[in-house]
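Geometric and topological summary
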Amino acid sequence: MKPFVLLSVCALCVLCSCAAGPDFHTPAAPDTPSYTHEAQAATTVAAGGAAGSAQEFVAAQHATPMWWTQFHCDALNHLVDRALQRSPTLAQARAKLVEARENYTAQAGATQFPSIDASLSGVRQKVDIAAFGISGVPNPGPFTLYNASVSVSYALDIFGGNRRALEALMAQVDYQSFELEAARLALAGNVVSTVVRRASLQQQIALTQRIVDAQARQFEIAEARFAVGGVSQLDVRSQRTLLAQTRASLPALATQLAQADHQLAILLGVAPSQMDFEELALDALSLPQTLPITLPSTLVRERPDIRASEALLHQASANIGVATANLYPQFVISAGAGSERMRIADIVSGLNIWNAGLGLTQPIFHGGELRARKRSTQAAYDAALAGYQQTVLQALQQVADALKALQNDAQALQARDEAAQQAQASLDIAHAQYLAGGVSQFGLLDTQRQALQSALDRTRAQADRLADTAALFQSLGGEW
């Protein structure tokens, strides 16, 4: 008999060390060594002026932490820090992380340890002796029965259902942790992109207003010439049309600037009416010249949205184990001891009731419910796997888009800067000719308008390059 008991104990220990369902394994990293189809150039082209330096792409082991500091702008760093401290979005993410941790703690306490409960009751009752078939004995009077007891119960996790449930809850904790990281990364990226757009719009408005002033003066000259018969009415109306068209672009730019201000206020955790931040010129942002690029295999280990998707996949895998364990017997051991007396003063005199038991529940027929739930969890895992794969592909796309955009931004800024330089050179020549009497004031103003328009185009190209640089940093993720 003893060998049988020993064998049973050993078998029980083996069962308790295993858990139903599949063990989770992190999906394989992408086998591609690069982000773009064509070979990535080592550097971009250079241009003159602000943000015109060539950018170098270098291999890196890890993404750049606190990447916004690479723009070397204290005002920008201060804005990002304010947003990280005050944003309600981050407060919500932190609260969800605490919620997930407490849910795990609650489930761990409920399944890893026995449940112990104490009870105390008093019942006033009367017994009818005749109801038990006893006659000739007078019925006792009403009496009070007092009961004090302690009960203990514990569900044996033989097939690992509870462990898989805890594994799923821990995966949820991981998910909320990575969601918090992703929220921080997105918040920093949104602040930087909004600051760049806001500074660009301010500069565009200033340049457009100067163009309006030049065209207004040209219109006045055209009217004066028309009054003395120097130009036709068509020329005057054409000049008025150009002036009206340029003026019409100002309200749209002002609207975009106001929207950028409001968005930045919300990112900083304040109402638009309470926005308070210092002005930041576009030229105050230094273009990062060295851009560390990690491998795609590193990207999937460092981007928080990918890690969050992986955590959901882990949770789905653990849920398969929970559904599988529910098909097997459930064992519960319980025990209790107490005192049951007719006088409350006698409750503490000793124990006179106790119980001990082992319960076994084996599902036999549930109308196919349990197996259907297992198939449902398997389908949920397949969906989570597809979602993970899609998240990885989108991350690869974002990095590839940013890399291509930076190459093209550099070329666009080079062309815009060349055009701006040529326009400024033409303006210098026209100004010298105007002083010498070789060109009219109208011609000088027209050359000035062209130079301002070229500067306006360069401003947009400069902002695009800064914004896409921030997008590349953000797309690479990285440790916080």
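First things first, this report covers the structure right here in the doc. Keep in mind it's a predicted model, so treat the numbers as computed, not measured.

What follows deals with the nonpolar core. One broad rule of soluble globular proteins: the nonpolar side chains tend to lie buried together. Grouped together as the largest cluster of nonpolar side chains are 57 residues, with contacts concentrated most on Y35, W67, L76, V191, V192 and L472. Among the elements that make up this core, the one with the highest residue count is helix α4 (residues 161-227) (11 residues). Counting residues in hydrophobic clusters, the runner-up holds seven residues, among them V212, A222, L243 and L250.

Another aspect to go through is helix α2 (residues 74-86). The end-to-end C-alpha separation of α2 is 18 Å, in line with the 18 Å expected for 13 residues at 1.5 Å each. Buried residues of α2: A75, L76, N77, L79, V80, R82, A83 and L84, and no others.

Further remarks concern the packing of α4 against helix α5 (residues 233-267). Two elements in contact, α4 and α5, have axes separated by 8 Å at closest approach and are oriented at 160°. When the axis of α4 is compared with that of α5, the two are roughly antiparallel. Like other packed secondary-structure pairs, α4 and α5 cross with a definite hand, here left-handed. Here the contact of α4 with α5 is built from residues that sort into 21 nonpolar, 14 polar and six charged.

Where helix α7 (residues 304-325) contacts helix α8 (residues 369-435), the two axes come as close as 9 Å, and the packing angle between them is 170°. Comparing the axis directions of α7 and α8 gives the class roughly antiparallel. By residue class, the composition of the contact of α7 with α8 is 13 nonpolar, eight polar and four charged.

Within a regular strand, side chains alternate between the sheet's two faces. Examined bridge by bridge, strand β2 (residues 115-125) and strand β3 (residues 143-156) share 11 bridges and lie antiparallel to one another. Bridge assignment links S119 to a residue of β3, and that residue is S149. Where β3 and strand β5 (residues 330-341) come together, 11 bridges link them in antiparallel fashion. Each residue of the ladder has a partner; that of S149, found in β5, is G338.

Moving on: unusual backbone geometry. Positive phi, close to 60°, is recorded for A51, a residue that is not glycine. Exposure remark for A51: the relative accessible area of 12% places this residue in the buried category. Even without glycine at this site, H72 takes up a positive phi of about 50°.

This brings us to the side chain of S309. Here S309 shows up in helix α7. Of the residues examined, S309 reaches a relative accessible area of 10% and is grouped as buried. Discounting chain neighbours no more than four positions away, the residues touching S309 are G387, Y388 and T391.

With that settled, consider the environment of A93. In this structure, A93 sits in helix α3 (residues 88-112). Here A93 falls in the buried class, since its relative accessible area comes to 11%. For A93 and G350, which are 257 residues apart along the polypeptide, the C-alpha to C-alpha distance reads 54 Å. When neighbours within four sequence positions are excluded, A93 is seen to be in contact with L180 and A183.

It is worth spelling out the packing of aromatic side chains at this point. For the coordinates displayed, the defined rule picks out three aromatic pairs. Ring plane angle 80° and centroid distance 5.8 Å describe the contact between W67 and W68, whose orientation is recorded as edge-to-face. With a relative accessible area of 2%, W67 lands in the buried category. Residue W68 is classed as buried on the basis of its relative accessible area, which comes to 2%. With a centroid separation of 6.0 Å and 10° between ring planes, the pair formed by W67 and F473 is classed as stacked. Remark: F473 occurs in helix α9 (residues 441-476) and W67 occurs in the loop between β1 (56-59) and α2; sequence separation between them is 406 residues. In this pair, the class of W67 matches that of F473, namely buried. Three or more aromatic residues joined by ring pairs form one cluster here, namely W67, W68 and F473.

Nonpolar side chains collect at one region of the surface, where I116, V150 and V152 lie side by side and expose about 240 Å² of accessible area between them. Its place among the elements puts I116 in strand β2. Judged by relative accessible area, I116 falls into the exposed class, the value being 58%.

Conventions adopted
Residues numbered from 1 in each chain as written. Predicted model: local features only at pLDDT ≥ 70, side-chain atom pairs only at ≥ 80, totals over all residues. Heavy atoms only, no water. Core = buried A, V, L, I, M, F, W, Y, C linked by side-chain atoms within 4.5 Å. Buried < 20%, exposed > 50% of the residue type's maximum accessible area, 1.4 Å probe, protein only. Helix = DSSP H or I, 4+ residues; strand = E, 2+ residues; numbered from the N terminus. Expected span 1.5 Å × (residues − 1). Axes fitted to C-alpha atoms, helices over the stretch in contact; angles between N-to-C directions. Parallel < 35°, antiparallel > 145°, perpendicular 65-115°, else oblique. Left-handed = near helix turned anticlockwise from the far one by under 90°. Nonpolar A, V, L, I, M, F, W, Y, C, P; charged D, E, K, R; others polar. Pairing = 2+ DSSP bridges. Contact = heavy atoms within 4.5 Å. Phe/Tyr/Trp six-rings, centres within 6.5 Å; stacked < 30°, edge-to-face > 60°. Patch = residues over 30% accessible without salt bridge, like charges linked within 9 Å, V, L, I, M, F, W, Y side chains within 5 Å. Areas by Shrake-Rupley, 256 points an atom, 1.4 Å probe, with all protein chains shown as cover. Salt bridge = Lys/Arg side-chain N within 4 Å of Asp/Glu carboxyl O.

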